[in-house]
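# Examination of the molecular architecture
Okay, here's what each chain looks like letter by letter:
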Amino acid sequence: MSSSAAPAAREQSRPHASMLPAAAFYIVFFALPTLCLFVLSFWTADGFQLIPGFTLGNYEKIFTSPLYRALMIRTIGVAFVTTAIVVPIAFAVSFLMRFVFERRGQFILQMVLLSLFSGYLVRIYAWRTILGKQGLLNSTLQWLGVIREPLDFLIYSNFAVVVTLSGLLLPLAVLPLYSAMLNIGRDDIEAARDLGAGRLHVLRTVLLPMAMPGVRTAFAFSFLLSAGDFVTPSLVGGAQSLLIGNIISDQFRGIGSNWPLGAAMAFVVIAVMLASYLIVMRLIRWVTTW
Amino acid sequence: MTQTAVEIEGVRKRFGAATALEKVDLNVGTGEFLSLLGSSGCGKSTLLRIISGFEQPTEGSVRIHGTDVTRQPPERRPTNMVFQRGALFPHMSVRENIAYSLKLKRWERSRINDRVDEMLALVRLEGFADREPGKLSGGQAQRVALARALAGEPRVLLLDEPLSALDLKLRQQMQLELRAIQKRLGATFIFVTHDQTEALVMSDRIAIMNNGRIVQHGTPRDIYRRPNSVFVSDFIGATNLLRGTITAVEGKRVVLRTDSGTFHALASDMAVKRGERAALSVRPEAISLRRDPGATPEGYSVAGLVDEIIYQGNTVRVGVRAASGAAIWIEGRGDDFDGLSSGTAVVLSWAPDAAILLREDTE
Amino acid sequence: MGDDMVRLRKLLPAAFVGAVLAYLYAPIAVIVIFSFTTSPRLSMPIEGLTLDWYTSALSNSLISTALRNSLLLASVSALVSGVIGAAFAFGLVALKRPRLRASLLGASMLPAIMPLLVIGIALAVFFRLMHVQQGLLNAAIGHVLVSLPFVVLTMNARLETFDFSVLEAARDLGATPGRVLRDITLPLIRPSIIGAALLAAALSLDEFVVTWFNIGSQLTVPVLVWGLMRRGIDPSINAIATMLLALLVCLVAASALLNRKKSK
């Protein structure tokens with residue numbers, strides 16, 4: 001029947017030639033540069049001169065320096081907290097858009113996505129003006145007489161970094177979660193409820209497992225991207241809340257730059273983040289199947 | 001048969017490790033309506049796509065009116081196709097759709113317009129020329145697709161289950177219309193379908209396909225009356241099969257011993273030997289039912305108890321269970337079976353030429 | 001009591017989603033509002049309204065250079081990633097084997113989950129090893145790389161419903177592959193390609209991180225804004241940012257409209 005003819009129409013078992021330009025672009029400007037970065041992480045630098053070679057010295061420096069270790073731990077912490085805020089909120093918003101707002105959910109989705117394209121630097125900067133010592137929040141609270149002295153923790157703190165990053169990453173997390181929700185039918189939930197499952201049970205045994213691909217992508221987005229951001233900490237984090245991304249970027253555009261060391265740091269960050277990501281995914285799967 | 005329109009010779013098609021077609025030979029006569037009939041995955045669509053040029057055969061050749069087109073791309077072949085779901089160009093009006101192949105042939109504008117009007121009249125859609133395809137019903141869309149495919153006067157028209165997406169009433173009406181158009185134009189039609197009734201109603205000839213082979217071809221009447229295998233007799237219409245072992249062969253007459261008794265049968269055009277396994281096929285409507293045991297023709301009857309009576313409107317189906325446990329179905333007009341009820345003892349009998357001997361399928 | 005419960009159950013989701021939208025849009029609103037207020041400090045209460053920050057922003061001699069570069073990069077990245085991304089998605093959707101299709105789609109998404117910092121420095125290293133001077137070309141390549149996954153993703157979603165049999169129908173009716181592309185494929189997917197390209201333009205206009213590591217001493221609007229931000233609070237930042245926002249919103253809205261039209 002339809003199965004005999006439908007696939008025939010798009011029968012292409014080998015990739016089409018039209019995929020070549022983009023594939024070539026990815027290989028030359030994404031895969032190859034990443035490989036270059038990896039190779040460079042084993043080189044050394046003398047001033048601005050790059051010296052080819054093979055040394056693990058950069059990696060050794062990263063793992064033995066207390067400063068880098070502290071930064072790495074803080075980065076993981078900030079990434080975790082941000083993700084722990086972003087993914088549940090995005091999950092809830094996606095759920096509501098899908099099952100409560102239904103048609104209007106599309107409009108809400110458009111609004112959420114629009115914010116994704118409305119000025120990356122601008123939004124970070126805006127949070128500085130909101131959270132600043134004499135910023136909007138403090139001045140409003142003082143004007144209203146709620147507080148006398150400005151609240152210190154609002155700006156140049158891990159708090160400021162997490163609030164700002166969460167705002168940046170939330171739309172990115174909604175995108176995969178909402179499309180995962182679209183694959184869940186209302187009847188899937190109703191069937192579970194009908195069989196006597198409580199709300200929490202439905203969440204754990206129906207919603208979470210079925211939305212798992214979306215959760216995984218949302219998690220990857222917010223976890224990996226928050227670990228790699230250096231603009232947010234440098235604008236709202238201040239000296240106390242620098243993250244590893246700031247140090248990496250300094251190795252490439254700072255005064256005492258050291259490209260090979262920066263390259264090694266980048267790979268350590270990616271490795272640590274991927275490992276943490278896999279551990280968390282395993283944990284989630286364990287919770288949902290148990 | 002008149003001149004040959006399509007000659008398919010030794011066509012084999014593999015997709016990677018899977019074989020879609022297994023050495024197919026088929027000739028289609030000019031002006032013939034041929035159906036390729038089979039269930040999904042039997043290779044009928046692949047064969048059609050090889051004729052149209054969308055697939056290349058792994059081996060073998062395709063000739064159209066004597067010209068070898070095996071290596072020609074679809075746009076150079078004198079065939080046109082009606083697709084399963086129309087495949088109308090959504091950004092063009094009905095007129096532009098029908099005119100497309102004529103524009104490619106660089107016809108003059110006035111000649112194109114005349115031809116489009118002629119085609120619209122043929123499919124009874126005058127007045128629809130400026131519609132968008134998106135605003136047509138399923139049946140109208142398929143008519144436009146037919147008009148589009150016929151506009152360029154193809155030597156062979158290929159139809160890939162064009163009616164399968166329509167509902168039953170419309171499908172039956174379109175079957176008759178298609179048949180009438182084909183007769184009027186005297187064109188060669190190759191029609192792919194999985195619906196046996198459709199094939200029986202429309203075709204001059206039917207080729208039944210199974211597992212990448214053509215297992216039988218002939219007129220609808222031949223195929224229905226003289227199926228050459230259990231597969232065909234089961235696929236075309238309903239049938240009763242009694243399986244057993246051949247105990248005697250006298251010319252075309254064969255004696256078959258089954259669990260339900262010993263029967264005589266006609267071995268139409270196959271060579272059979274004693275001791276072979278075979279099946280006896282009797283169509284439900286060829287069986288008559290009597291309540292009195294009386295004189296029953298030896299070898300052409302079986303006794304049993306009525307099991308089920310299914311009312312189907314103009315006909316009634318009765319299921320009878322033979323002493324051996326085998327279920328045999330009979331079909332007839334409603335009043336033939338008045339007074340029957342479950343458990344009634346009956347005798348079933350049939351005419352000698354209604355019992356066909358079939359070889360068991362070997363796979 | 002029961003009515004209140006019902007109302008609460010309807011109100012709670014709306015309040016929650018409203019709060020989330022407020023969280024997303026508060027920063028944007030703040031920037032826009034304070035681009036029009038007289039006080040150089042962003043604080044309450046608001047004293048008066050002015051357009052001074054716009055005049056001072058527009059009189060900044062660097063801004064026209066930055067804007068020109070930004071628009072150039074946006075056009076290049078719209079064109080290049082629009083075309084090669086659409087072609088890639090087209091081939092992807094036509095692919096029969098679902099697992100191969102899924103893994104190729106996944107692979108094409110990799111630059112989107114890679115931190116921009118890493119993409120930026122990797123490209124910088126690559127160009128340095130290839131002895132290519134930093135500059136606009138490097139930044140343009142970075143922009144295409146950053147927008148390509150989004151173009152592929154949106155095109156892929158649009159093309160999922162594309163009926164490939166119309167392409168075969170055209171071939172069957174006598175069109176060569178080139179004619180099919182011109183008569184059928186392009187007219188049918190053009191709105192989606194333009195939509196995706198506008199998205200790419202928006203991403204490019206807003207791109208900072210990859211640009212920062214590859215553009216050398218050249219300026220784009222975000223690079224200029226970054227410089228101003230680092231120097232402290234300058235109200236003309238709000239004005240520039242608001243103009244950039246307006247441009248981005250137009251692009252994204254146009255993109256969404258084009259995609260809507262296609263899906264009708």
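Throughout what follows, the structure given in this document is the object of discussion. (Residues numbered from 1 in each chain as written. Chains lettered and ligands numbered in written order. Predicted model: local features only at pLDDT ≥ 70, side-chain atom pairs only at ≥ 80, totals over all residues. Heavy atoms only, no water.)

## Focus on the overall build of chain A
The condition that has to hold: Put simply, DSSP H or I for four residues or longer makes a helix, DSSP E for two residues or longer makes a strand, and each gets a number counted from the N terminus. Here's how the labels work: a residue is buried when its accessible area is under 20% of the maximum for its type, exposed when over 50%, partly exposed in between, all with a 1.4 Å probe on protein chains only. Note on contacts: a residue pair is in contact if any heavy atoms of the two residues lie within 4.5 Å. For the area figures, the Shrake-Rupley method with a 1.4 Å probe applies, and any residue is considered shielded solely by the protein chains shown.
Within chain A, the secondary structure is distributed over 14 helices and two strands. Along the longest, intermediate and shortest principal axes, the C-alpha atoms of chain A span 70 × 65 × 40 Å. For chain A, with 290 residues in total, the buried portion stands at 54%. Considering only contacts in chain A between residues 6 or more positions apart, those separated by 24 or more positions represent 70%. Accessible area for chain A stands at about 13300 Å²; split by element, carbon and sulfur atoms hold 67% of it.

## A few points about the environment of B:D25
Residues and elements named next belong to chain B. Put simply, the rule is: Each polar contact in these results corresponds to two N or O atoms within 3.5 Å; when the atoms are within protein, one needs to be able to donate a hydrogen and the other to accept it, and residues that are neighboring in sequence are counted only if both atoms are side-chain atoms.
Relative to the assigned elements, D25 resides in strand 2 (residues 18–29). Setting aside residues no more than four positions away along its own chain, D25 makes contact with I8, E9, G10 and I214. Here the side chain of D25 touches G10 through a polar contact of 2.7 Å, landing on its backbone nitrogen.

## Let's talk about the interface of chain A and chain C
How big an interface is tends to be expressed through the accessible area that disappears when the partners come together. Keep this limit in mind: Each of two parts loses accessible area, computed with a 1.4 Å probe, when they are put together; buried area is these two losses added. Between Lys or Arg on one side and Asp or Glu on the other, a salt bridge is scored when a side-chain nitrogen of the former is within 4 Å of a carboxyl oxygen of the latter. Throughout this entry, Asp, Glu, Lys and Arg are counted as charged residues, while Ala, Val, Leu, Ile, Met, Phe, Trp, Tyr, Cys and Pro are counted as nonpolar. The remaining residues, Gly among them, count as polar.
On the chain C side, the residues contacting the 84 residues of chain A number 89 residues. Across the interface of chain A and chain C, roughly 7900 Å² is buried in total on both sides, 78% from carbon and sulfur atoms. Inspection of the chain A/chain C interface yields zero salt bridges. On the surface where chain A and chain C come into contact, there are ten residue pairs in polar contact (both at pLDDT 80 or more). Of the residues forming the side of chain A that touches chain C, the biggest block, 14 residues, is contributed by helix 2 (residues 20–40) of chain A. Looking at side-chain class alone, the side of chain A that touches chain C contains 55 nonpolar, 22 polar and seven charged residues.

## Some remarks on the side chain of C:T242
Within the secondary structure layout, C:T242 lies in helix 11 (residues 235–263). C:T242 has contacts with C:I31, C:V32, C:S35 and C:Y54, leaving out every residue within four places of it along the chain.

## Some points on empty space enclosed by the protein
Which entries qualify depends on this criterion: Cavity means a closed set of points on a 1 Å grid over the protein atoms alone, one where a 1.4 Å probe fits but cannot get out, pocket means an open set with protein on both sides within 12 Å along at least 5 of 7 lines, and lining means a residue has an atom within 4 Å of a point. Grid points are joined across faces, edges and corners, and a volume is the space filled by probe spheres set on the points.
Under the counting rule described, the total for this entry stands at six cavities of 30 Å³ or more. One number sums up the size of the largest cavity: a volume of about 570 Å³. Looking at the largest cavity, it is lined by 27 residues, and the ones nearest its centre are A:L116, A:Y120, A:L172, A:L225 and C:L116. Elements with a minimum of two residues in the lining of the largest cavity: helix 6 (120–131), helix 8 (158–182) and helix 11 (212–228) of chain A together with helix 4 (98–113), helix 5 (116–129), helix 6 (136–159) and helix 8 (177–206) of chain C. Grouping the amino acids of the lining of the largest cavity by side-chain chemistry returns 21 nonpolar, two polar and four charged. Counted as a void, the second largest cavity has a volume near 50 Å³. In terms of lining residues, the second largest cavity is bounded by B:V82, B:Q142, B:R143, B:L146, B:L159, B:P162, B:L163, B:M174 and B:L178.

So yeah, pure geometry; function would need other evidence.
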